[in-house]
Amino acid sequence: MNSPNPHPIYLDCDPGVDDSLALGYLVASPAVRLVGVGTVFGNTAVETGAKNACDWLALMGAGDVPVAIGAKKPSNGEFHGGAAWIHGDHGTGTVTLPESGSTPVDRSAAELLVDLAHRHEGELQIVAVGPLTNLAEALALEPRLPRLVRRVTLMGGAALHPGNISPVTEANVGKDPESARIVFAADWPLTMVGLDVTMRNTFEEEHREALRASGSRSAHHLADVLDFYFDFHIDVYGRRCSALHDPLAAAIAAGGIVPTLAPTVAVDVDDTFGPGRGQTICALGGMHRGFPAQEDAHCSVALEIGTPVAPHLVDVLTTLP
Ligand code: RIB
Ligand code: CA
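Calculation criteria
- Counting restarts for each chain: residues are numbered from 1 in the order of the written sequence.
- Going through the entries in the order they are written, you letter the chains from A and number the ligands from 1.
- It should be noted that, the model being predicted, local features are given only for residues of pLDDT at least 70 and side-chain atom pairs only at 80 or more, the latter also being counted only at that level, while totals for whole chains, interfaces and linings use all residues.
- As a rule here, side-chain values come from all non-hydrogen atoms in the structure, and water together with hydrogens is ignored.
- Counted as salt bridges are all cases of a side-chain nitrogen of Lys or Arg within 4 Å of a carboxyl oxygen of Asp or Glu.
- Numbering goes from the N terminus for both helices and strands, where a helix is a DSSP run of H or I of at least four residues and a strand is a run of E of at least two.
- We define the nonpolar core as a collection of buried residues of types Ala, Val, Leu, Ile, Met, Phe, Trp, Tyr and Cys that are connected through side-chain atoms lying within 4.5 Å of one another.
- Summary of the burial criterion: residues with accessible area below 20% of their type's maximum are buried, those above 50% are exposed, and those between are partly exposed, where the area comes from a 1.4 Å probe applied to protein chains only.
- Two residues qualify as a contact provided that any one of their heavy atoms is within 4.5 Å of a heavy atom in the partner residue.
- Working definition: residue near molecule or strand if any one of its non-hydrogen atoms lies within 4 Å of it.
- Definition of a polar contact: a pair of N or O atoms within 3.5 Å, with one able to donate and the other able to accept a hydrogen when the atoms are protein atoms, and with sequence-neighbouring residues admitted only if both atoms are side-chain atoms.
- Here the accessible surface of atoms and residues is derived via Shrake-Rupley with a 1.4 Å probe, and residues count as covered only by protein chains that are part of the display.
- We place a 1 Å grid over just the protein atoms. Points where a 1.4 Å probe fits but has no way out form a cavity, open points with protein on both sides within 12 Å along at least 5 of 7 lines form a pocket, and any residue with an atom within 4 Å of a point lines it.
- In this description, a molecule resides in a pocket or cavity if more than half of its atoms sit within 2 Å of the grid points defining it.

### Quick notes on the pattern of salt bridges
When the charged atoms of two side chains with opposite charge come close together, those side chains can pair.
Thinking step 1. Under the criterion given, the structure shown has 19 salt bridges.
Thinking step 2. With a closest N to O distance of 2.5 Å, Lys-51 and Asp-55 form a salt bridge. Of the two residues, Lys-51 and Asp-55 are both situated in helix α2 (residues 46-59); the distance of 4 residues between them amounts to about one turn of the helix.
Thinking step 3. With its nearest N and O atoms 2.7 Å apart, the salt bridge here joins Glu-205 to Arg-240. In this pair, Glu-205 is assigned in helix α10 (residues 205-213) and Arg-240 in the loop between α12 (234-237) and β8 (242-243), connecting sequence segments 35 residues apart.

Okay, structure coming up:
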């Protein structure tokens, strides 16, 4: 079913295996129109992420979508190398993608984002699935950004779930807590898709095989990059599978998956240098009273997803060319 009026989306990512699933979902979903991609340091170096985004987009038949290189390192610190043990040396597992030959645009990711926000005033949705450095830079570049943008949906944080880079900290927020604090504090509608839901929805071998068995060349390549990523998760789940971090955020942003519980509460980020650095501090004190409204709160924290996510992702991703 094609949406009569697909709304424009800018994706900020660090591709990254699960980022590529999010990218594919936003290209394939009839409910949205991907109008720009920015890359940020994280799973791999920002330039490598940009090459991966260009190659994935060309493979998926969306080579016309502009890709911009963003921050090389966090706003307060250095880039200490990617997560090769999770995403592979170049962010694509052990796979070498077909070369697209296309190159990123000559603007920064923050500049591209601000341009798109003006061009699609009131309509643009931001999906952020990496560290939030580019979004903080865009807010500094254009302080009116929260008024120009429809919503921000981000994969990051953890409300009640343990962290994945420390007992309390999730990787995207933890890699640049200062930028994350700025993004959560900005006065825009924000949906936080954190580990509370992304760790409880997994992709299994049957789903990976369904991608591979489809006639979609893109889905076949996604199945291949998942192979290495599945091995990493043996230590997490005790079996080959994967959490669904970035693609779940993309599906929620596109409306393909609707959380059954996502209270709008105040969220702060610990940007101190103590043991809680990078923690998302969510005001969930009303959890036994149905989460009564909180004045000035603007962050919806996804806590429960009612429908199976993986089959929905397979349905959408296998429509790619
Ligand atoms: O914590 C999970 C997040 O960190 C995902 O976005 C993954 O791609 C990595 O960036
Ligand atoms: Ca990511």
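That covers the picture; the talk isn't over yet.
### Concerning the nonpolar core
Thinking step 1. With 63 residues, the main nonpolar core has Leu-11, Tyr-25, Leu-26, Leu-34, Val-37, Phe-203 and Leu-211 as its most contacted residues.
Thinking step 2. If you list the elements that add at least two residues to this core, you get β1 (7-13), α1 (17-28), β2 (32-39), α2, α9 (195-198), α11 (217-232), α13 (246-254) and α14 (310-317).

### Observations concerning the side chain of Thr-169
Thinking step 1. As for its position among the elements, Thr-169 is in the loop between β5 (151-155) and α7 (171-174).
Thinking step 2. Residue Thr-169 is classed as buried on the basis of its relative accessible area of 1%.
Thinking step 3. Residues within four places of Thr-169 in sequence aside, it is in contact with Gly-163, Asn-164, Gly-174, Gly-276, Arg-277, Gly-278 and Gln-279.

### Details of the site of ligand 1
Thinking step 1. In the vicinity of ligand 1 there are 13 residues, among which Asp-18, Val-129, Asn-164, Glu-170 and Asp-246 approach most closely.
Thinking step 2. Between ligand 1 and the protein, one listed contact pairs an oxygen atom with a backbone N or O atom of Val-129 at 2.9 Å.
Thinking step 3. In the model, an oxygen atom of ligand 1 is placed 2.5 Å from a nitrogen or oxygen of the Glu-170 side chain.
Thinking step 4. Compared with its free state, where it exposes 280 Å², ligand 1 has 95% of that area covered by protein.
Thinking step 5. When each cavity is represented as a set of grid points, ligand 1 is found to reside in the largest pocket.
Thinking step 6. Residue assignment for the shell around ligand 1 shows that the elements contributing at least two residues are α1 and α7.

### With respect to the environment of Val-269
Thinking step 1. Along the chain, the position of Val-269 falls in strand β11 (residues 267-269).
Thinking step 2. Considering only alpha carbons, one finds Val-269 and Cys-282, 13 residues apart in sequence, at a separation of 8.7 Å.
Thinking step 3. Residues in contact with Val-269, not counting those within four places in the same chain, are Val-173, Pro-177, Ala-180, Arg-181, Phe-184, Gly-278, Gln-279 and Thr-280.

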